[in-house]
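# Examining the three-dimensional arrangement
Each chain, written out:
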Amino acid sequence: MLCAFTAIAISTAAQTTIGVRSNLIFNDTEFTSGTANLDKTIKSMQGYSIGGFAEYELNENWSVNAELLYKHIGFQISESTSFGLFGLEIPIGASLKTTVNYLELPVLFKYRHDLGGIKAYIEAGPSINYALNGKVKTTANSILDINITETNLNLSADSYSRINTSGNIGVGITYPYSRDLTMTAGIRYTKDLSDSVNLPIVNAGIKNNSVAIGLSIGKRF
């Protein structure tokens, strides 16, 4: 889809920017319905995404931006306690770390405002996420961390939705490094609109909400 978008954009007379983008992601996993106790044990994990984009200018202020990103996110559930030994408190516990790799396709409408040497922008739009693979790792935590198991997620199971949708809104600035080269920095908030995991037996689901800090570089045609 990104290739088709790029081909259409290049074939028109309007300005098009094609480039690469990377993001540092701060993920917040949300357990929906019936799992309030689990929310207290969840720890957010940093992730990342990297890929390409094509931005087609509709006019002086408006553009459409399509991206194709490889995204790595996850969450961790931990339980811990301690016991006394020779007058010392020894911590002991266990953690379960889940990571999933996605192929993400955001399509965003962007409004730009000229501030002189730079352009500020606001963007919004949906994205489609396809789960490629994932892992669950269990670890025993004490004075030293010991890996116990590492299992691949069965994404074909009925409880997992490989395709889910998200909504995005973001702000940032674009700096014209040269006549044809642009550099962009921005912050984007993403909220899942559908569950990535659905557990009907316990009436529970999982959604991922995140804040991404991104940098991109593009060439104008």
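Residues numbered from 1 in each chain as written. Predicted model: local features only at pLDDT ≥ 70, side-chain atom pairs only at ≥ 80, totals over all residues. Heavy atoms only, no water.

It is worth spelling out the packing of aromatic side chains at this point. A complete count under the given rule lists one aromatic pair for this structure. If you follow K110 out to its NZ or CZ, it ends over the ring of Y121, 4.3 Å from the centre. Lying across the ring of F221, K219 places its NZ or CZ 5.7 Å from the centre. (Phe/Tyr/Trp six-rings, centres within 6.5 Å; stacked < 30°, edge-to-face > 60°. Lys NZ or Arg CZ within 6 Å of the ring centre and 35° of its normal.)

Scanning the entire structure with this criterion turns up ten salt bridges. The shortest N-O distance in the salt bridge between R220 and E57 comes to 3.0 Å. With a gap of 163 residues between them, R220 in strand β11 (residues 204-220) and E57 in strand β3 (residues 46-57) connect regions that are remote in the sequence. E104 serves as the salt-bridge partner of K71, at 3.7 Å between the closest nitrogen and oxygen. With K71 in strand β4 (residues 62-85) and E104 in strand β5 (residues 88-114), this pair connects stretches of sequence that are 33 residues apart. Both residues of the pair, K71 and E104, count as buried. When salt bridges that share partners are traced, they join R21, E67, E123 and R188 into one network. (Salt bridge = Lys/Arg side-chain N within 4 Å of Asp/Glu carboxyl O. Helix = DSSP H or I, 4+ residues; strand = E, 2+ residues; numbered from the N terminus. Buried < 20%, exposed > 50% of the residue type's maximum accessible area, 1.4 Å probe, protein only.)

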